[in-house]
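Descriptive analysis of the structure
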Amino acid sequence: MLPLWTRRHSPTQHDDGGLHTDTKAALKQWIESARATTDLPSLSRFAPHLERDLDAVTAGLTQPWNSGVVEGHVNRIKMLKRQMFGRAGFALLRKRVLLS
């Protein structure tokens, strides 16, 4: 078996890019191998956190939707906020957010 960090695909992908039908089982197997690795201690510490919320992680890998659009708007607003830091205040910031 190849070392964990040299694998080309995520634990839930086929070679054609599609998801396994049994994603949860594949993810559990990947988490167990990540927990057992000694070469990357941060990965072995990360594995139990994935296991704690396994249903949400599985849903994130299998559901067709994501929060990318919302994150894009949040990123744009944060950028505007950084640009306006120390300037005219909330009223001007509000106008810039609404007009951009």
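Notes on the structure in this doc start here. (Residues numbered from 1 in each chain as written. Predicted model: local features only at pLDDT ≥ 70, side-chain atom pairs only at ≥ 80, totals over all residues. Heavy atoms only, no water.)

1. Some remarks on the pattern of salt bridges
Going by this rule: Each reported salt bridge corresponds to a side-chain nitrogen of Lys or Arg within 4 Å of a carboxyl oxygen of Asp or Glu. By definition, any uninterrupted DSSP run of H or I lasting at least four residues is a helix, any uninterrupted run of E lasting at least two residues is a strand, and each is numbered from the N terminus. Here the term buried applies to any residue with accessible area under 20% of the maximum for its type, exposed to any over 50%, and partly exposed to those in between, with areas from a 1.4 Å probe on protein chains only.
Inspection of every chain in the model, using the stated rule, returns two salt bridges. Between Asp55 and Lys24 there is a salt bridge whose closest N-O contact spans 2.5 Å. Here Asp55 is found in helix α3 (residues 54-62), whereas its partner Lys24 is found in helix α1 (residues 23-36), with 31 residues between them in sequence. A salt bridge links Arg35 to Glu51; the nearest nitrogen and oxygen atoms lie 2.2 Å apart. Linking Arg35 in helix α1 with Glu51 in helix α2 (residues 41-52), this pair joins segments that are 16 residues apart in sequence. The partly exposed category is assigned to Arg35, whose relative accessible area is 35%.

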